[in-house]
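What the coordinates show
Here are the chains, one letter per residue:
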Protein chains: 2
Amino acid sequence: MAIKIGILGYGNLGKGVEAAIKKNADLELCAVYTRRAPQDITLATEGVAVKSIEVLESGKEDIDVLIICSGSATDLPEQTPKFAAMYNVIDSFDTHAKIPEQFKNVDAAAKSAGKVGIISCGWDPGMFSINRVYSLSVLPDGEAYTFWGRGVSQGHSDAVRRIEGVKDCRQYTVPVPAALEAVRSGSNPDLSTRQKHTRECYVVAEEGADLEKIEKKIVTMPNYFADYDTTVTFINEEEMKANHSTLPHGGSVIYSGTSSEGTKHVIEYSLKLDSNPEFTGSVLAAFARAAYRLNKEGISGAKTVLDIAPIYISPLSAEELRAHYL
Amino acid sequence: MAIKIGILGYGNLGKGVEAAIKKNADLELCAVYTRRAPQDITLATEGVAVKSIEVLESGKEDIDVLIICSGSATDLPEQTPKFAAMYNVIDSFDTHAKIPEQFKNVDAAAKSAGKVGIISCGWDPGMFSINRVYSLSVLPDGEAYTFWGRGVSQGHSDAVRRIEGVKDCRQYTVPVPAALEAVRSGSNPDLSTRQKHTRECYVVAEEGADLEKIEKKIVTMPNYFADYDTTVTFINEEEMKANHSTLPHGGSVIYSGTSSEGTKHVIEYSLKLDSNPEFTGSVLAAFARAAYRLNKEGISGAKTVLDIAPIYISPLSAEELRAHYL
């Protein structure tokens, strides 16, 4: 019998999870829950119900795991603990500084309900975290470097869109090739924020907008752009649609460490993703399987990808994995 | 209190584990056990006892985990189950086809003794297996490609050394650049054994040996070389010592998969290792920590790297990992 999945939120990420579920015969999409009017939403999967988020709150929906695909900033801190008190849940909470707090809140709720709540699952946090921890555990005398891109940062794109006179923006985060090379050589360089990544903004301005002013606003924006070398390119809507309509991303965790005087090792984990939301959705789908299985074993409380053995996320049996993939 | 480690076997791998233990404050090397005469062995670590393997067989040695650093072919199938009936143990058993049998034997022995026995731990099997399983679980519609090298294969070097007229040999396994490139592009190529790797042999021949005959014997050797493009270069002993005295290795697991029609993702995990035995030893040391911790939790039986959550191999606490590495 397939594992019954509910998706909360049908934006890019929710659609990515939906695509992932189609690739997994043991997962079944049972319902999509939304804050919008359900009748306004047409799913890519036929025969699946779209329901109001309100029906979830009964705690009685017939799902094994709820995959919460809402925004990290304000929705997940509220929704994940709330629904962990009713269902096995999983989210992709990515506000790194607030992970301990999210963990604590989800842990309390999930334990009280005898459910499992997996937080911060995706690729960073997620697959990148797993690789950072494996590497630093195997080679404690070393250093981890994380590079993102080339890829679209939705947070940075949104920040630019909020500037007066900006109609649309796509922001690409780009690792600096010289920095990548230095790290891959095993030289353990000290790298500033500016030395690691550059930022490229493709901006559609409103007619008659002051382009110089927009550019200055972007490149001096604190937290988002001020610490980076940022280039701004103004384009028209047709170009935006033709060349910037997908959401590719990726990056690398490069770890360089020594096992004895003069003996170096470099470990690199890298992702080249055609679609950030579909890959993140694929990670969420695999770990939703783990949430279900852990809970079946009587386990409850908050978990992260670091707490879960690889065997729990595979559709294959332990015997098959040992025989063919070890 | 530190975790008390015993090492069985003081060859390249045993020395690699010894080096790794020095990098981990929570691991303490308590004794090295050997089949040789203990007085003939001088450890790199001062103040640690070298003992005969026979004292291990009492089952009463005061160690938390025994790291077994013997050969896969004949020693580990006998030693790992035997000592799993007395101690928590870990090995790097790498005869892929016989892993299910080794698992079964170690599982029975370890369960009867209430101990944990981790088998097939290192980088392949080991870190590469972990990456194959994560990738295929996240993107089930895809394919894993494993490349080894450039690096020294000790098994192939030994095979050449057994040829009449050969004094010494170092065999390098080298991935074919065009194959790597094709796989990284996401094109999911079908690749024969010959298309994936070439083999380079550096051979010191005995004086007066028939070089042509040696070369022919090497390149036509079934299983080892017949299916590869192999080059043989004769060198003298000085060159061997000057240019081929270390044991570098590495490789890549490249996984290419799709999440929906036309949407591709490429995941690559790669290792560049100055010393194969020191890196393998470092992986063993980290997972020895897991053997100890799992056993402390009351768990017993055989485990592989696939059964163990990342959190168990880190010296850091779950809270620290969540706060700083997730």
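Higher on the page you've got the structure.
This is a predicted model, so every value here is computed, not measured.

**Considerations on the packing of aromatic side chains**
Applying the stated rule across the entire model yields 7 aromatic pairs over all chains. Judged by centre distance (5.3 Å) and plane angle (80°), the ring pair of Trp123(A) and Phe128(A) falls under edge-to-face. Phe128(A) carries the same exposure label as Trp123(A), and that label is buried. Seen in terms of ring centroids, Tyr172(A) and Tyr202(A) are 5.7 Å apart; in terms of plane orientation they differ by 85°. Their pairing is edge-to-face. Taken together, the residues span a long stretch of sequence, with Tyr172(A) in strand 9 (residues 166-175) and Tyr202(A) in strand 10 (residues 197-205) at a distance of 30 residues. Residue Tyr172(A) is classed as buried on the basis of its relative accessible area of 5%. Classification of Tyr202(A) as buried rests on a relative accessible area of 17%. An aromatic cluster is present here, built from Trp123(A), Phe128(A) and Tyr269(A) joined pairwise through their rings. Against the face of Tyr228(B) rests Arg199(B), its NZ or CZ located 4.1 Å from the ring centre.

**What to know about the relation of the copies chain A and chain B**
For the pair chain A and chain B, the superposition axis carries a translation of 0.0 Å, the fit reaches an RMSD of 0.0 Å, and the rotation angle comes to 180°. Each copy turns onto its partner about a two-fold axis. Judged by C-alpha distance, Ala309(A) is the residue of chain A that lies nearest the rotation axis, at 1.9 Å.

**Quick look at helix 1 (residues 12-22) of chain A**
Within helix 1 of chain A, 8 of the 11 residues are buried, which leaves it mostly tucked inside the rest of the structure. Taken together, the buried positions of helix 1 of chain A are Leu13(A), Gly14(A), Gly16(A), Val17(A), Glu18(A), Ala19(A), Ala20(A) and Ile21(A). Elements that come into contact with the buried residues of helix 1 of chain A comprise strand 1 (3-8), strand 2 (27-34), strand 4 (65-68) and helix 11 (276-296) of chain A together with strand 12 (249-260) of chain B.

**Examining helix 5 (residues 127-138) of chain A**
Residue and element names in this part refer to chain A. In this model helix 5 runs 17 Å from its N-terminal to its C-terminal C-alpha over 12 residues, within 8% of the 16 Å that 1.5 Å per residue would give. The buried fraction of helix 5 is high, at 12 of 12 residues. Every buried residue of helix 5 is listed here: Met127, Phe128, Ser129, Ile130, Asn131, Arg132, Val133, Tyr134, Ser135, Leu136, Ser137 and Val138.

**Things to note about the interface of chain A and chain B**
In this complex, chain A contributes 66 residues to the contact, which on the side of chain B involves 66 residues. Taken together, the two surfaces of chain A and chain B that pack against each other cover about 5600 Å², and 64% of this comes from carbon and sulfur. Per-residue buried area on chain A facing chain B is highest for Tyr134(A), Arg322(A) and Leu326(A); these three make up 15% of the total on that side. Connecting chain A to chain B are 2 salt bridges. Ionic pairing is found between Asp141(B) and Lys23(A), a salt bridge with its closest N-O pair at 2.6 Å. Put simply, chain A and chain B have 24 residue pairs in polar contact (both at pLDDT 80 or more) between them. The set of elements that each furnish at least two residues to the side of chain A that touches chain B consists of helix 4 (99-113), helix 5, strand 12 (249-260), strand 13 (263-273), helix 11 and helix 12 (318-324) of chain A. Tallied by class, the residues present in the side of chain A that touches chain B amount to 35 nonpolar, 18 polar and 13 charged. As defined by bridge partners, strand 13 of chain A adjoins strand 13 (residues 263-273) of chain B across 9 bridges and the pair is classed as antiparallel. In the sheet register, Tyr269(A) faces strand 13 of chain B, and the bridge partner there is Tyr269(B).

Conventions we followed
- Every chain begins its residue count from 1, and numbering advances along the sequence as written.
- Written order decides the labels, with chains lettered from A and ligands numbered from 1.
- This being a predicted model, a pLDDT of at least 70 is required before a residue's local features are given, and a value of 80 or more before pairs of side-chain atoms are given or counted; all residues contribute to the totals for chains, interfaces and linings.
- Excluding hydrogens and water, the side-chain values take into account all heavy atoms of the structure.
- Only Phe, Tyr and Trp rings take part, Trp by its six-membered ring, and two of them pair if their centres are within 6.5 Å. Stacked means planes under 30 degrees apart, edge-to-face means over 60, and tilted covers everything else.
- Exposure is judged per residue with a 1.4 Å probe applied to protein chains only, and the accessible area is read against the type maximum: over 50% gives exposed, under 20% gives buried, and values in between give partly exposed.
- Put simply, DSSP H or I for four residues or longer makes a helix, DSSP E for two residues or longer makes a strand, and each gets a number counted from the N terminus.
- For a lysine, the NZ atom is tested; for an arginine, the CZ atom; a charge sits over a ring if that atom is within 6 Å of the ring centre and within 35 degrees of the ring normal.
- The least-squares superposition of copies is restricted to C-alpha atoms, and to residues with a pLDDT of at least 70 in both copies.
- Here a residue-residue contact requires only that any non-hydrogen atoms of the pair lie within 4.5 Å.
- Multiply 1.5 Å by the residue count of a helix minus one, and that product is the helix's expected span.
- Take the accessible area each of two parts loses on contact, using a 1.4 Å probe, and add the two losses: that sum is the buried area.
- A pairing counts as a salt bridge when a side-chain nitrogen of Lys or Arg comes within 4 Å of a carboxyl oxygen of Asp or Glu.
- Side-chain atoms alone can form a polar contact between residues adjacent in sequence; in general such a contact is a pair of N or O atoms within 3.5 Å, and within protein one must be able to donate a hydrogen while the other accepts it.
- Note that Gly is not counted as nonpolar here; it falls among the polar residues with everything else outside the nonpolar set of Ala, Val, Leu, Ile, Met, Phe, Trp, Tyr, Cys and Pro and the charged set of Asp, Glu, Lys and Arg.
- Pairs of strands are assigned from DSSP output, requiring at least two bridges between the strands.

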